[in-house]
Amino acid sequence: MKYLALLRKEIRECLPWVLLAAGILFVFGFQMLLNNPIQSIIFPYHLDDQANETIESAYLFRPSTVASVGSILLFISLCLGAALSIRQFWFPSFTRTWAFLLHRNITRTAVFLVKITAAVLGFVLSILSIWTLLFLYSVFAADYSPPPMPHVWLEGLFLISQGLVVYFASSLSSVLTAKWYTTRLFPVIFVFMSLYFCFYPKTPALNFLCTGLSMLILALPLWQEFRNRQF
Amino acid sequence: MALWVQISPGSKDPLYVQIASQISRAIALGHLRPGDKLPPVRKLAEELVINPNTVARAYLELEQQGFVASKTGSGTFVLDPTLQDDKDLAQLNLLGQRIDTLIAQGLNLGLTPEKLIEFFEGRVRRFLSEQNKRSP
Amino acid sequence: MNDFVLQTFQLTKYYHKTPALDHLNLCVPKGCVYGLLGRNGSGKTTAIKLILGLLAPTAGRAEVVGHPSDNLPPSLRSRIGYITEGHHLERWMTIRELEHFQKAFYPDQWDRRFFAEMLDYFELSPKRKIKTLSNGQRAQVNLALTLAANPELLIMDDPTLGLDAAVCRQFLEGMVHLIQKEGRTILFSSHILSDVERVADRIAVIDKGVLRADCTLEEFRMQIRKYLFEFPQPNIPVDTLPGLIHSKQNQQMLEATVVKTPEEAIYEWARRHQAAVEPVPMSIEDQFIEFTGPKQAQKLFSWEMPV
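For every chain, the first residue of the written sequence is number 1, and numbering continues from 1 along that sequence. Written order determines the labels here, with chains lettered from A and ligands numbered from 1. pLDDT decides what is reported in this predicted model: residues at 70 or higher carry local features, side-chain atom pairs at 80 or more are listed and counted, and totals for whole chains, interfaces and linings draw on all residues regardless. Side-chain metrics in this entry use all non-hydrogen atoms of the structure; hydrogen atoms and water are not considered.

### Topic: the sheet that holds strand E9 (residues 185-189) of chain C
Residue and element names in this part refer to chain C. For clarity, the threshold we go by: Two strands pair if DSSP finds at least two bridges between them. Working definition: helices are DSSP H or I runs of at least four residues, strands are E runs of at least two. Numbering for both runs from the N terminus. In this analysis an axis means a line fitted to C-alpha atoms, helices contributing only their contacting stretch, and an angle means the value between N-to-C directions, from 0 to 180 degrees. In this description, contact between two residues means that some pair of their heavy atoms is separated by no more than 4.5 Å.
The strand order E7-E8-E9-E4-E10-E11 describes an open sheet built from six strands, whose pairing is mixed. At either end of the open sheet lies a strand with only one pairing partner, and these are strand E7 (80-84) and strand E11 (210-216). This sheet shows a mean twist of 15° between the axes of neighbouring strands, independent of strand direction. Most of the contacts of helix H5 (residues 135-148) go to E7, to which it runs at about 170°, and overall it touches E7 and strand E8 (153-157).

### Here's the deal with the state of the cysteines
Condition: Here, two cysteine sulfur atoms that lie within 2.5 Å of each other are counted as a disulfide.
For the structure shown, the criterion picks out zero disulfides over all chains. Cysteine Cys215(C) remains unbridged, with the sulfur of Cys32(C) as its closest cysteine sulfur at 11 Å.

### Some remarks on a negative patch on the surface
Selection rule: Only residues whose relative accessible area exceeds 30% and that take part in no salt bridge are eligible for patches, with like-charged residues grouped when within 9 Å of each other and nonpolar side chains (Val, Leu, Ile, Met, Phe, Trp, Tyr) grouped when within 5 Å. Where accessible areas are quoted, they stem from the Shrake-Rupley method and a 1.4 Å probe; at the residue level, only the protein chains shown are allowed to cover. Whenever a carboxyl oxygen of Asp or Glu lies within 4 Å of a side-chain nitrogen of Lys or Arg, that contact is scored as a salt bridge. When charges are counted, Lys and Arg contribute as positive and Asp and Glu as negative, whereas His and the chain ends are disregarded. A single reference atom marks each charge: NZ on Lys, CZ on Arg, CG on Asp, CD on Glu. Buried means the residue's accessible area, taken with a 1.4 Å probe over protein chains only, is under 20% of the maximum for its type, while exposed means over 50%, and partly exposed covers the values in between.
A cluster of acidic residues, Asp111(C), Glu117(C), Asp120(C) and Glu123(C), forms a negative patch on the protein surface. Note on Glu123(C): relative accessible area 70%, which makes it exposed.

### Quick notes on helix H4 (residues 112-122) of chain C
Owing to its 3.6 residues per turn, the α-helix aligns residues three or four sequence positions apart on the same side. All names here are of chain C. Let me state the cut-off plainly: Arc definition: it is the arc formed by the directions from the helix axis to the C-beta atoms.
Those residues of H4 lying buried are Phe-114, Phe-115, Met-118, Leu-119 and Phe-122. Taken down its axis, H4 places every buried residue within 135° of arc, on the same side. Across from the buried face of H4, at angles greater than 90 degrees, the exposed residues are Arg-112, Arg-113 and Asp-120. Buried residues along H4 sit in contact with helix H3 (95-105), H5 and helix H6 (165-179). At the C-terminal side of H4, Glu-123 shows a positive phi close to 60°.

### Section: the side chain of Gln287(C)
Residues and elements named next belong to chain C. Rules: N or O atoms within 3.5 Å of each other form a polar contact, as long as, within protein, one can give a hydrogen and the other can take it, and as long as residues adjacent in sequence are counted only when both atoms are side-chain atoms.
Among the structural elements, Gln-287 can be located in helix H10 (residues 284-291). From its side chain, Gln-287 meets the backbone oxygen of Ile-224 in a polar contact 2.9 Å long. Ignoring sequence-local partners within four residues, the contact set of Gln-287 consists of Phe-220, Arg-221, Ile-224 and Met-282.

In structure tokens, the structure reads:
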């Protein structure tokens, strides 16, 4: 009962940002799909026309119209990740409501998990849903040739998950109490490195594994720091 | 029962002393008669917005001075002021000690013993005339 | 299991090289209304935060009902009400939403009717958003939220700082209402000494992180006394006055505050120096100010009340 109440509160607090992200993605995504039936891809995975089948099948991405949406998808995900982390982990310091939140019959770990859940739900219910909508539209409703392959949806999921990496990094940075130019800089530097390394592998499994590892490397110290911090 | 207790926190007398002296004054002036029940501790504490222990302390003080007696379960009642044997001897001793302090203070002020006696007599007379003024 | 709800053992907290608290030993018995007094920056807030496990000590430890403060079980926290100055609540919530949120954490203890009565008394509509409330109104909501959870231990850190007299009075009423119930304990710090005098059973005075007094309110009031002396000549041997903590001299007149000195000793000293003496009444504020007074006074006498 209390966990639900807490989850409801956290979701309600993230809602404006979540809706904003969804709204922007919806508007710009559809606009791109409808107005720009271009074949260009904004990814480093650009394949030239001479690529043969064997090479193609090794790659996650294929040239497709919907891939052009990828850039704003990535951008919005990163922004949402940062926004949610600021709202959840930095804002209470600003409004001095940590004592109100934490002096309760609930462990800090539980509070931490509820916040993460709310953030993930925010991503899923907004960006992931809109992305899925865009994807399905481009497969069934739009008139593209060739229609995008299913693994393009996975590509979108991968981009969205980068937003979560930024979320963890930004949260860790908020919760650390060191000076901004010392330990606090670590998550920021790490996230840049991680973004590079996550994009580096050419197979989906490895891409997601890298992303998962990045999240873990950031989430564990975040949990520890949150548990022990004196607010 | 017309009992009106006022306290001023932050003044020189501790609160329980203020309450006890106001009640004992009310008894002496006849506003509270023997057999009258004092307000329950909780009720008076709520009204005055003070710790119930302070009210209890005041009632205890009054009981030690012989003004009231508490009956567990019923409350605290005003006693008949007519003297009752050796319990009152203790009260008289206490009164005597208090008077000694006042005497010492008076002498230190520079009053001669004769002037001091005159001063005390005057105060007793004034107290009694006030009592007569207020109650028939 | 002893009868203490709160205990600290040599509790010490350093911020860099500055001691905010220095080997504090406090015991708050069950059923007590315990007032923490001290000037700004004396360490009261630090002590409270350490007791609640919101800060980690540099040395020493604190316990609540026998549990170490740095690891209070959540079930114990539900029995502790905590109000601090500022009364920072989630600003986007309405009072009703806050009530639902709070209620979810105290399903068995929540007193719905009492909360509604308090809102009524404060003339606050449950539909109002916290951000539209004034500081005083937010304090009222915070008080209602905390008391409706029926806490066994109420800890308040200067809850009426910056609030008007009416709200201060309401907090007192809330405290008196709580103490009337069985087995409740209140620990509070306040800068309004007359409020402390109204409700405290025991008080502790913390001065620059050090405990200077820990006694009943009555003892504190009775043992700090001021006298006015008139000497035959201006040469006054002030330092020989037993228990002196503060003095002011004007030619032949000396106003001195003493601590724990029997009245007879004062009159004896006055007689010895052929001085006239007269007691000067002191309010609790006077007593507090002079007890935590300037450095000279503390050098003369470092006093701790017996427990």
